[in-house]
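Each chain is listed here by its residues.
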Amino acid sequence: MRLGRLLLPLALCALPAGCASNGDPGNDAAATRTIAVTIASRNGPHTFQVEQAKTVGEQERGLMFRTDLSDTNGMLFYPYPPEGPPREANFWMKNTPSALDIIFIRADGAIAHIAENAVPFDETPLSSGEPVAAVLEIKGGRAAALGIAEGDKVSWAK
């Protein structure tokens, strides 16, 4: 799922600690930079150790070709887009073999929308529906399993 910063393709991602590169060396460098992202939900905090995709290239590659995502890893696209203020985001799952939950985050840290269980390899755009400042990708089904919902707050060290 490639991102739509102009409808740029962005593959949904998960991290190095939880993923295997599967032959795409472009993802290995980003895999070494991880940060903690916490989502405060109604049933408590949930923390993920995620890779950061900051550049256009990193965001275009996202989690393409990745397999073996763990329940606690993911990828954070921040700032989104890298070259300007928040805007509507469109992601797809092209070349992404694992289902992902794509969490679209407003500038205030609130979750605007969750595209749950995005279908592997599907090229249908998944939209934030409004301007967002960041996007978090985690293993498909985790948001529902943990009770993560729209309006929950997401935080990380910026």
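To start, this report covers the structure provided alongside it. Note that the coordinates shown come from a computational prediction; the quantities given were computed from them, not determined experimentally.

Re the packing of aromatic side chains
Argument step 1. One pass over the full model with this rule turns up four aromatic pairs.
Argument step 2. Relative to Phe-104, the ring of Phe-91 has its centre 5.9 Å away and its plane inclined at 75°; by these criteria the two rings are edge-to-face. Taken together, the residues span a long stretch of sequence, with Phe-91 in strand S4 (residues 87-91) and Phe-104 in strand S5 (residues 100-105) at a distance of 13 residues. Across this residue pair, the class does not change: Phe-91 and Phe-104 are buried.
Argument step 3. The ring of Trp-156 has Lys-158 sitting right over it, with the charged end atom 4.5 Å from the ring centre.

Examining the pattern of salt bridges
Argument step 1. Counted under the stated rule, the structure contains seven salt bridges.
Argument step 2. Put simply, Glu-58 and Arg-33 hold a salt bridge, and the shortest N to O gap is 2.4 Å. Of the two residues, Glu-58 is situated in helix H1 (residues 56-61) and Arg-33 in the segment before strand S1 (34-41); the sequence distance between them amounts to 25 residues.
Argument step 3. Under the relative-accessibility criterion, Glu-58 is labelled buried at 12%.
Argument step 4. Among the salt bridges present, the one from Asp-71 reaches Lys-139, with a minimum N-O distance of 3.2 Å. Note that Asp-71 is positioned in the loop between H1 and strand S3 (73-77) and Lys-139 in strand S8 (residues 134-139), a separation of 68 residues in sequence.
Argument step 5. Looking at Asp-71, the relative accessible area reads 35%, which means it is partly exposed.
Argument step 6. Taking relative accessible area as the criterion, Lys-139 reaches 31% and is therefore assigned partly exposed.
Argument step 7. Among the charged side chains, a network of salt bridges with common partners joins Asp-71, Lys-139 and Arg-142.

Section: the environment of His-46
Argument step 1. With respect to the secondary-structure elements, His-46 resides in strand S2 (residues 44-53).
Argument step 2. On the accessibility criterion, His-46 (12% relative accessible area) is buried.
Argument step 3. In sequence terms His-46 and Thr-72 are 26 residues apart; their C-alpha atoms lie 8.8 Å from each other.
Argument step 4. Each residue touching His-46, except ones within four places of it in the same chain, is listed here: Val-37, Thr-38, Ile-39, Ser-41, Leu-146 and Ile-148.
Argument step 5. Within polar-contact distance, the side chain of His-46 engages the side chain of Ser-41 at 3.0 Å.
Argument step 6. Within the structure, His-46 has its side chain in polar contact with the side chain of Asn-43 (distance 3.0 Å).

Quick notes on the nonpolar core
Argument step 1. If you look at the biggest cluster of nonpolar residues, it comprises 18 residues, and the most contacted ones within it are Leu-76 and Leu-136.
Argument step 2. Residue assignment for this core shows that the elements contributing at least two residues are S1, S2, S5, strand S6 (111-118), S8, helix H2 (142-146) and strand S9 (153-156).
Argument step 3. What Leu-76 contacts, discounting residues up to four positions off in sequence, is Ile-35, Val-37, Val-50, Glu-51, Gln-52, Ala-53, Ile-105, Ala-134, Val-135, Leu-136 and Trp-156.
Argument step 4. Counting 17 residues, the second largest nonpolar core, distinct from the first, contains Leu-63, Phe-91, Ile-102 and Val-132.

What counts, and where the lines are drawn
Residues numbered from 1 in each chain as written. Predicted model: local features only at pLDDT ≥ 70, side-chain atom pairs only at ≥ 80, totals over all residues. Heavy atoms only, no water. Phe/Tyr/Trp six-rings, centres within 6.5 Å; stacked < 30°, edge-to-face > 60°. Helix = DSSP H or I, 4+ residues; strand = E, 2+ residues; numbered from the N terminus. Buried < 20%, exposed > 50% of the residue type's maximum accessible area, 1.4 Å probe, protein only. Lys NZ or Arg CZ within 6 Å of the ring centre and 35° of its normal. Salt bridge = Lys/Arg side-chain N within 4 Å of Asp/Glu carboxyl O. Contact = heavy atoms within 4.5 Å. Polar contact = N/O pair within 3.5 Å; in protein donor to acceptor, adjacent residues only side chain to side chain. Core = buried A, V, L, I, M, F, W, Y, C linked by side-chain atoms within 4.5 Å.

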